[in-house]
Amino acid sequence: MTDPTSRVLGPRASRTTPRAPRESTWRLWKRLSPLLRLLILTQLAFNIGFYAVLPFLAEHLGTAIGMAGWLVGFVLGLRTFSQQGLFVVGGWLVDRWGVRPVVLAGCVLRIAGFAWLGYAEATWSVIGAVLVIGFAAALFSPAVESEVARQAVDWEAAGHGARTRVLALFSVAGQIGAFAGPLLGGLLLAVDFRTACLAGAAVFVLVLAGHLWLMPQHIPGRVRAPRRGGVRTLLRDRRFLALCGAYGSYLLAYNQLYLALPDEVQRAAGSQAPLSWLFALSSVLVVFAQLRVTGWAGDRLDLRRSMTAGLLLIASGFAVVAVTRPAGWTGVAGLLPAAGFVVLLTVGQMLVVPAARAWVPDLAEEGRIGLYTGALSSVSGLIVLAGSAATGFLLDLGLPAAVPWLVLAAVTALAVTLLPHRVEGAAA
């Protein structure tokens, strides 16, 4: 059973929407509802607070606290599990209790977790703080993401333009926060790590205050889910699980920014110093090109074709490195394939992410958009966990240098075959 707004749209996912006149980001922003603007600003603030602290956590644990390398990795893995792995729990709670209480609870936990982490010194204390920080995101992220997706569908149904435009703006806000957060954290680390943690907590205090003041108790059109049947129905939904598989393949490819790419940069440049510039390149592309790419795709491609094009672009990025790797280029020339990979991966991301998020409301059972949004992240996260272990094993086998990149290209390209074709009431 699809969300009521999907039935209004008819076969949205199988056709493009009428081409709308181009408008500036500012004009689009002004046309959004106050609730959508609040949610998009929330995503910006979330990422500023989060990335002001977490990029520096491993260094803090290893040097200031003196944890062994394996224990640092274990703690970071626990944070990822308590966040990504529990998104499905947060999504279920959103459907049951509504957006406002779940977001507020997540903010309170994140404030407590960051404050605790700033003062934690013993291993058990650090682990407790990290688990609280991760679970906080597992609460508020599905709440915000599912409501943005639902509001975006309503926006499209009202004739304002493609839903992917709204979701693209949401992605841009998150990317700006991910770019600005480490800059803020780097400045605060000049004092100490505790100051960075307390500043991150302060950001979430502001978010909490904003939602207490501006978030309505009941959002019109949001249907409370029945108590039973959601997870069982989801696990039998082959179309949704197929979307999770394709999206998980994208996330596995994106994860190579942190696994395969550093090895390639180290080989080409003799150090990982250029890696930060490649990350900055990816962020700048998203901030300045996301809305243009989404607008172009919305005029010409349905959701399935948009994800297909994105996955194939990402696969071609892996292929670029695979084809040039046997030449053994080093220096600036050796970094060009890596830069090409980052550009193609990022453009592919711009096509895949808004389309996948826009597709979920068409697949979700009525009243369970939070559960489905959370499950998209949790199921995809499990795919990344297994795929990353396999990729690491592949990189360590001593195979010809091009082979791991060719395998990753093939996996990403084959993910296109997982994309569902039709959905009852809203073709996909």
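Scroll up to find the structure this text is about.
This section reports on the structure supplied with the text. From a predicted model like this one, the values you see are computed outputs, not experimental measurements.

1. Quick word on the pattern of salt bridges
For side chains bearing opposite charge, pairing can occur when the charged atoms are close. Across all of its chains, the model carries eight salt bridges by this definition. With a closest N to O distance of 2.6 Å, R305 and D302 form a salt bridge. The class for D302 is buried, based on a relative accessible area of 5%. In this structure, E365 engages R368 in a salt bridge whose closest nitrogen and oxygen atoms are separated by 2.9 Å. Assigned by exposure class, E365 and R368 land together as buried.

2. Quick notes on the packing of helix α8 (residues 123-157) against helix α9 (residues 163-188)
Running from amino to carboxyl end, α8 crosses α9 at an angle of 150°, the nearest separation of the two axes being 7 Å. Between α8 and α9 the crossing geometry is right-handed. Where α8 abuts α9, its residues V144, E145, V148, A149, A152, V153, W155 and E156 lie against R163, V166, L167 and F170. Taken together, the residues that form the contact of α8 with α9 break down as nine nonpolar, no polar and three charged.

3. A look at the packing of helix α3 (residues 34-51) against α8
Relative orientation and spacing of two packed helices are given, respectively, by the angle between their axes and the distance between those axes. Here α3 crosses α8 at 145°, and the two axes come no closer than 10 Å. Once α3 is placed against α8, the crossing between them reads as left-handed. Between α3 and α8, the residues in contact are L35, L36, L39, T42 and F46 and F140, V144, E147, V148 and Q151, respectively. Of the residues contributing to the contact of α3 with α8, the split by class is seven nonpolar, two polar and one charged.

4. Description of helix α12 (residues 238-254)
The terminal C-alpha atoms of α12 lie 24 Å apart, and with 17 residues this matches the ideal 24 Å at 1.5 Å per residue to within 8%. Of all the 17 residues making up α12, 13 are buried; the element is thus mostly covered by neighbouring parts of the structure. Between the side-chain oxygen of the N-cap and the backbone nitrogen of R239 there are 3.2 Å, and the N-cap of α12 in question is D237.

5. Observations regarding α8
Over its 35 residues, α8 extends 51 Å from the first C-alpha to the last, a length consistent with the 51 Å expected when each residue adds 1.5 Å. Burial of α8 is extensive: 27 of the 35 residues sit out of reach of the surface. Looking at the residues trailing α8, positive phi occurs at G159, about 85°.

6. As for a nonpolar patch on the surface
Nonpolar side chains collect at one region of the surface, where F179, L183, V284 and F288 lie side by side and expose about 420 Å² of accessible area between them. Those elements that place two or more of their residues in the nonpolar patch are α9 and α14 (273-300). Mapped onto the elements, L183 comes out in helix α9.

7. Observations concerning the nonpolar core
Ranked by internal contacts, the top residues of the largest apolar core, which has 111 residues, are L32, L117, L261 and F341. The greatest single-element share of this core, amounting to 14 residues, is contributed by α8. Dropping the residues within four chain positions of it, L261 is found in contact with Q256, L275, L278, A338, F341, V342 and W405.

8. Here we look at the side chain of S380
With respect to the helices and strands, the residue S380 is situated in helix α17 (residues 369-395). Judged by relative accessible area, S380 falls into the buried class, the value being 0%. At a separation of 2.5 Å, a polar atom in the side chain of S380 contacts the main-chain carbonyl oxygen of L376. If we skip the residues at most four places from it in the chain, S380 touches C244, Y247, G248, L251 and A375.

9. A short note on the environment of L252
Looking at where L252 falls in the secondary structure, it is placed in helix α12. Setting aside anything within four residues of it in sequence, one finds L252 in contact with V384, G387, S388 and T391.

About the thresholds
- Residues numbered from 1 in each chain as written.
- Predicted model: local features only at pLDDT ≥ 70, side-chain atom pairs only at ≥ 80, totals over all residues.
- Heavy atoms only, no water.
- Salt bridge = Lys/Arg side-chain N within 4 Å of Asp/Glu carboxyl O.
- Buried < 20%, exposed > 50% of the residue type's maximum accessible area, 1.4 Å probe, protein only.
- Axes fitted to C-alpha atoms, helices over the stretch in contact; angles between N-to-C directions.
- Helix = DSSP H or I, 4+ residues; strand = E, 2+ residues; numbered from the N terminus.
- Left-handed = near helix turned anticlockwise from the far one by under 90°.
- Contact = heavy atoms within 4.5 Å.
- Nonpolar A, V, L, I, M, F, W, Y, C, P; charged D, E, K, R; others polar.
- Expected span 1.5 Å × (residues − 1).
- Polar contact = N/O pair within 3.5 Å; in protein donor to acceptor, adjacent residues only side chain to side chain.
- Patch = residues over 30% accessible without salt bridge, like charges linked within 9 Å, V, L, I, M, F, W, Y side chains within 5 Å.
- Areas by Shrake-Rupley, 256 points an atom, 1.4 Å probe, with all protein chains shown as cover.
- Core = buried A, V, L, I, M, F, W, Y, C linked by side-chain atoms within 4.5 Å.

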